[in-house]
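Each chain, written out:
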Amino acid sequence: MEREPTIGGHMAQFDKTFPTLDCAACILTPKMSSVKNHKKSPLWTYSEVTQVDGYVGNYKVKVKRLPRYVQEDLCSGCLECIKSCVFKEGQGPG
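These remarks concern the structure in this document.

Criteria and thresholds
- Residues numbered from 1 in each chain as written.
- Predicted model: local features only at pLDDT ≥ 70, side-chain atom pairs only at ≥ 80, totals over all residues.
- Heavy atoms only, no water.
- Helix = DSSP H or I, 4+ residues; strand = E, 2+ residues; numbered from the N terminus.
- Rg over C-alpha atoms; globule rule 2.2 N^0.38 Å.
- Contact = heavy atoms within 4.5 Å.
- Salt bridge = Lys/Arg side-chain N within 4 Å of Asp/Glu carboxyl O.
- Buried < 20%, exposed > 50% of the residue type's maximum accessible area, 1.4 Å probe, protein only.
- Pairing = 2+ DSSP bridges.
- Polar contact = N/O pair within 3.5 Å; in protein donor to acceptor, adjacent residues only side chain to side chain.

1. Here we look at the overall build of the protein chain
Helix and strand counts for the protein chain stand at two helices and four strands. Each helix and strand of the protein chain, ordered N terminal to C terminal, gives the series β-β-α-β-β-α. Computed over its C-alpha atoms, the radius of gyration of the protein chain comes to 17 Å, more than 25% above the 12 Å expected for a compact globule of 94 residues. Projected onto the principal axes, the alpha-carbon positions of the protein chain cover approximately 45 × 45 × 25 Å. Considering only contacts within the protein chain whose residues lie at least 6 apart along the sequence, 32% involve residues at least 24 apart.

What follows is the structure, given as structure tokens:
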């Protein structure tokens, strides 16, 4: 479950990491891929837990999923949709 549109947080924005100055993407990308491809744990981005009921081993969770405006099961990550998107970064509706 991730509130933001992507996983990776602040580390995904960095070039190098302290103290070794290793490449942040080199460290993070395999971990992000592992999370995305895990068979038993679906990755829901742009989502928030709104309610949890139940007890240990038997939870019922309500999740609010924000619209992504793409068909996630068809998305290949090619970014072609950005070219024809009516909303650009920094702009909102209306």
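2. Topic: the pattern of salt bridges
Scanning all chains against the criterion turns up one salt bridge. The salt bridge partner of Arg3 is Glu48, with a shortest N-O separation of 3.9 Å. Placement of the pair is Arg3 in the segment before strand S1 (16-17) and Glu48 in strand S3 (residues 47-55), with a sequence separation of 45 residues. Judged by its relative accessible area of 58%, Arg3 falls in the exposed class.

3. With respect to the pairing of strand S4 (residues 58-65)
Inspection of the sheet shows S3 paired to S4 by eight bridges, in the antiparallel sense. Following the sheet pairing, Gln51 is matched in S4 by Lys62. Linking S3 back to S4 in an antiparallel pair, the connection comprises two residues, with Gly57 at a positive phi of about 90°.

4. A closer look at the side chain of Ser47
Mapping Ser47 onto the fold places it in strand S3. Residue classification places Ser47 among the buried positions, given a relative accessible area of 1%. One polar contact links the side chain of Ser47 to the main-chain carbonyl oxygen of Thr45, over a distance of 3.0 Å. If near-sequence neighbours (up to four positions away) are discounted, Ser47 is found in contact with Met1, Glu2, Arg3, Val63, Lys64 and Arg65.

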